[in-house]
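Fold and contact review
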2 protein chains.
Amino acid sequence: MSRNGKLATDLVQKLERDIVTGVLKPGDKLDERSLSERFGVSRTPVREALQTLAGSGLVATMPRRGTIVASITVADLIEMFEVMAELEAMCARLAARRMPRADIEKLIALGNECSELQEHADADAYYEANVNFHEVIYSGCRNSFLERQTKNVRNRLAPYRRLQLHRPGRVKKSNAEHSEILEAISTGDAERAGKLMHQHVAVQGEALNDLLAIVPRGYLEPLAS
Amino acid sequence: MSRNGKLATDLVQKLERDIVTGVLKPGDKLDERSLSERFGVSRTPVREALQTLAGSGLVATMPRRGTIVASITVADLIEMFEVMAELEAMCARLAARRMPRADIEKLIALGNECSELQEHADADAYYEANVNFHEVIYSGCRNSFLERQTKNVRNRLAPYRRLQLHRPGRVKKSNAEHSEILEAISTGDAERAGKLMHQHVAVQGEALNDLLAIVPRGYLEPLAS
DNA sequence: TACACATTTCTGGTATACAAAAAGACGTAG
DNA sequence: CTACGTCTTTTTGTATACCAGAAATGTGTA
């Protein structure tokens, strides 16, 4: 059975996908034995995978008490969105200065795809296209370290961010903002691109209250880190 | 023998300290068996510690080829400093808006300490005080997530950043910049604080060439990630 | 002398076994 | 009937044994 070659890495990717896509929800227990027999490997690579995921913040490990999919406090959520807005704004600023023409074309295409999907009110499909749109901008900043850093924070926020789109009217507004950002980038207006992206990503004021109101029980910790 | 309670965590902290303080240098091999007998534990916690450090980017693990203290490419170095400047700038902006009066007093004290140490040309002591100065600003941003994120990147850059201070005249200039930043923060001028901090941290133009010129052989990878 | 191939050795990856601590179940006492 | 304490069970943390793959070395041939 046991195929060679870095089983732990595979597990990390599979678990990461399950967490980011919402198959596994914040607070879910990740039992080592269950996982090991589910994936047909021993506990060792499972433990390594969990260790890695803990390092990137996607899961939380409490000594002697097991590991769960990371659930964060309201304070953490606010802080992380604050940082996320800044990171994405930086990506947008740099992208406006550095993104090659070919990628701008790609961005335009994805913008159009978002617009089309918006009509059909398919939240999941739109979410996918939306992710692609943002990723092209990450890539366009031509700073692979910033790109990795940004994706990491995004992944950690994914379970909560996904909820946003279910707010009525959010998809339409989001799409309009995409158009503005796209225009700023393609004209090379770095400052404007950054500012627009910051507003696009930041969750503040009433929008924050709305988000908090629809976060399911268990997604948030009562208190403590 | 084996004392209970999360040996791996201790190892992470010890190795992290050794890397950040320069006892272990980029490119140094981290042999699992040597480490395990040096610390008197089995390979299992050693592997977990290395896994964790790999997650935070301080060491690099090549499949079947062992792990070394992370050595990065010139391109990586430039990218990371670009992000670092932005993160510290964000800390400074937020600190200017949020830092409580008591912390500002602390910052003034540390600024003075830096000034005094500058006279004596003790690079290591100055480096220490300099770290403290910056950490008070991280803390002052009142965003613990941003604080952790910033410290993480700083740790990864530590082996290279330490080299900067050995450039003649750098300490004096750095200290002058601290004064300006301090003034901007204490007067609540967020934009100015951010801009000054960005310039303070960013390594660009001739300064970059100087830095690259004194990076020891082995600190940088020839190519590839 | 230089290069190619085989063998050996060393090191990392995986599995399993054991120990310790926490959670849960059960019984008894109040 | 409830509450507390003890025992069992479950699950994590650590150690050890085994396996596989890559680097190093040695040998033979061109």
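Residues numbered from 1 in each chain as written. Chains lettered and ligands numbered in written order. Predicted model: local features only at pLDDT ≥ 70, side-chain atom pairs only at ≥ 80, totals over all residues. Heavy atoms only, no water.

1. Remarks on the overall build of chain A
How we decide: Under the DSSP-based scheme used, a helix requires at least four consecutive residues in state H or I and a strand at least two consecutive residues in state E, with every element numbered from the N terminus. The globule rule used here is 2.2 Å times the number of residues to the 0.38 power, and the radius of gyration it is set against is calculated over C-alpha atoms.
A count of helices and strands for chain A gives ten helices and three strands. N-terminal to C-terminal, the α/β element order of chain A is α-β-α-α-β-β-α-α-α-α-α-α-α. Here the C-alpha radius of gyration of chain A, 19 Å, is about what a compact globule of 225 residues would show, namely 17 Å. Its C-alpha atoms put chain A at 55 × 40 × 30 Å along the principal axes.

2. A few points about the pairing of strand β2 (residues 59-62) of chain B
Within a regular strand, the side chains alternate between the two sheet faces. Residue and element names in this part refer to chain B. The condition that has to hold: For two strands to be treated as a pair, DSSP must find at least two bridges joining them.
Relative to strand β3 (residues 66-69), β2 is paired through four bridges, and the arrangement is antiparallel. The residue bridging Val59 from the neighbouring strand is Val69, located in β3. Two successive antiparallel strands, β2 and β3, enclose a turn made up of three residues, where Arg64 displays a positive phi of approximately 65 degrees.

3. Observations regarding the interface of chain A and chain B
Put simply, the rule reads: Here a residue-residue contact requires only that any non-hydrogen atoms of the pair lie within 4.5 Å. Reported buried area values correspond to the accessible surface (1.4 Å probe) lost by two parts on association, with both partners' losses combined. The rule for a salt bridge is simple: a side-chain nitrogen of Lys or Arg has to be within 4 Å of a carboxyl oxygen of Asp or Glu. Contacts described as polar in this section are N or O atom pairs within 3.5 Å, which, within protein, must combine one atom able to donate a hydrogen with one able to accept it, while residues neighboring in sequence count only if both atoms come from side chains.
At the junction of the two partners, chain A supplies 22 residues and chain B supplies 22 residues. Each partner contributes to the roughly 2500 Å² buried at the junction of chain A and chain B, and carbon and sulfur atoms together form 49% of this total. Where chain A meets chain B, there are six salt bridges. Ionic pairing is found between Arg93 of chain B and Glu86 of chain A, a salt bridge with its closest N-O pair at 2.6 Å. Run the count over chain A and chain B and you get 16 residue pairs in polar contact (both at pLDDT 80 or more). Those elements that place two or more of their residues in the side of chain A that touches chain B are α3 (43-56), α4 (74-98) and α7 (144-164) of chain A.

4. A short note on the protein's contact with DNA strand C
The cut-off we apply is this: Any residue with a heavy atom positioned within 4 Å of a molecule or strand is treated as near that molecule or strand. Residue polarity follows a fixed list, in which Ala, Val, Leu, Ile, Met, Phe, Trp, Tyr, Cys and Pro are nonpolar, Asp, Glu, Lys and Arg are charged, and the others, Gly among them, are polar.
Surveying the vicinity of DNA strand C reveals 19 residues, the closest of which are Leu7, Ser42, Thr44 and Arg65 of chain A together with Arg47 of chain B. Within the backbone of Leu7 of chain A, an N or O atom sits 2.5 Å from a phosphate oxygen of DNA strand C. In this structure, a phosphate oxygen belonging to DNA strand C sits 2.8 Å away from a side-chain N or O atom of Arg65 of chain A. Put simply, the parts of the chain that give the surface near DNA strand C at least two residues each are α3 of chain A together with α2 (32-39) and α3 (43-56) of chain B. Residues belonging to the surface near DNA strand C are distributed by class as follows: four nonpolar, six polar and nine charged.

5. Quick word on the relation of the copies chain A and chain B
What relates the two chain copies is a rotation about an axis together with a slide along it. Put simply, the rule reads: Only residues with pLDDT of at least 70 in both copies count here: their C-alpha atoms drive the least-squares fit that superposes the copies.
Note on the identical chains: chain A maps onto chain B by a rotation of 180 degrees and an axial translation of 0.0 Å, with an RMSD of 0.1 Å. Expressed as a symmetry operation, the mapping of one chain copy onto the other fits a two-fold axis. Taking C-alpha positions as reference, the residue of chain A nearest the rotation axis is Gly55 of chain A, located at 2.7 Å.

6. So, the sheet that holds strand β1 (residues 29-30) of chain A
Read from one edge to the other, the open sheet built from three strands follows the order β1-β3-β2 (chain A), with strand pairing classed as antiparallel. On the outer flanks of this sheet lie β1 and β2 (59-62) of chain A, each paired with one strand and no other.

7. Focus on the packing of helix α1 (residues 7-20) of chain B against α3 of chain B
All names here are of chain B. Just so we agree on the cut-off: Axis geometry follows a simple rule: fit a line to the C-alpha atoms, using only the stretch in contact for helices, then measure angles between N-to-C directions, giving values from 0 to 180 degrees. Any angle that is under 35 degrees is reported as roughly parallel, and any over 145 degrees as roughly antiparallel; angles of 65 to 115 degrees are reported as roughly perpendicular and all others as oblique. Each crossing gets its handedness from the near helix: less than a right angle anticlockwise from the far helix is left-handed, clockwise is right-handed.
Running from N to C, α1 and α3 point in directions that differ by 50 degrees, and their axes come no closer than 8 Å. Looking at the two axes, α1 sits oblique to α3. Considering only the axes of α1 and α3, their crossing is right-handed. Only Pro45, Val46, Glu48, Ala49, Leu50, Thr52 and Leu53 of α3 make contact with α1, whose side of the interface consists of Leu7, Ala8, Leu11, Val12, Leu15 and Glu16. Class assignment for the residues of the contact of α1 with α3 results in ten nonpolar, one polar and two charged.

8. Notes on the pattern of salt bridges
Opposite charge on two side chains makes pairing possible when the charged atoms of those side chains draw close. A complete count under the given rule lists 32 salt bridges over all chains for this structure. Arg43 of chain A is the partner of Glu32 of chain A in a salt bridge, and the nearest nitrogen-oxygen pair spans 3.0 Å. Of this pair, Glu32 of chain A sits in helix α2 (residues 32-39) while Arg43 of chain A sits in helix α3, and the two are eleven residues apart along the sequence. Connected through shared salt-bridge partners, Glu32, Arg43 and Arg47 of chain A together with Glu48 of chain B make up one network.

9. Overview of the environment of Ala96 of chain B
All names here are of chain B. Going by this rule: Each residue is assigned to one of three classes by its accessible area relative to the maximum for its type, calculated with a 1.4 Å probe on protein chains only: buried under 20%, partly exposed between the two thresholds, exposed over 50%.
Following the sequence through the fold, Ala96 ends up in helix α4 (residues 74-98). Given the relative accessible area of 10%, Ala96 is considered buried. Sequence separation between Ala96 and Lys151 is 55 residues, and the spatial gap between their C-alpha atoms is 19 Å. If near-sequence neighbours (up to four positions away) are discounted, Ala96 is found in contact with Ala184, Ile185, Gly188, Asp189, Ala190 and Ala193.

10. A short note on the packing of helix α6 (residues 123-140) of chain A against helix α8 (residues 170-186) of chain A
All names here are of chain A. Relative to each other, α6 and α8 sit at 20 degrees, their axes nearing to 12 Å. Here α6 lies roughly parallel to α8, going by the angle between them. Seen along the crossing, α6 lies across α8 with a hand that is left-handed. Along its contact with α6, which presents Tyr126, Asn130, Phe133, His134 and Ile137, the element α8 presents Val171, Ser174, Asn175, His178, Ile181 and Ile185.

11. A word on α3 of chain B
This is how the line gets drawn: Expected span of a helix: the number of residues minus one, times 1.5 Å.
Compared with the 20 Å implied by 1.5 Å per residue over 14 residues, the 20 Å span of α3 of chain B between its first and last C-alpha is a close match. Every buried residue belonging to α3 of chain B is among Pro45, Val46, Glu48, Ala49, Leu50, Gln51 and Leu53 of chain B, and all of these are buried. Those residues of α3 of chain B hidden inside the fold are in contact with α3 of chain A together with α1, β1 (29-30), α2, β2 and β3 of chain B. Where α3 of chain B starts, the residue carrying a side-chain oxygen 3.1 Å from the main-chain nitrogen of Thr44 of chain B turns out to be Ser42 of chain B. The first or second residue beyond α3 of chain B is Gly57 of chain B, which carries a positive phi of 90 degrees.

12. Side note on the domain arrangement of chain A
All names here are of chain A. Under the convention used in this document: Segment limits for the domains were obtained from an automatic or database-derived domain assignment.
Structurally, chain A comprises domain 1 (7-69) and domain 2 (74-214). Domain 1 and domain 2 are separated by 28 Å when their C-alpha centres are compared. The partner domain 2 presents seven residues to the eight residues of domain 1 that form the contact. Carbon and sulfur atoms supply 56% of the area that domain 1 and domain 2 bury against each other, a total of about 610 Å² over both sides. It is Val20, Pro26 and Ser56 that lose the most area in domain 1 upon contact with domain 2, and together they represent 57% of the buried surface on that side. For the pair domain 1 and domain 2, the number of links is zero salt bridges.

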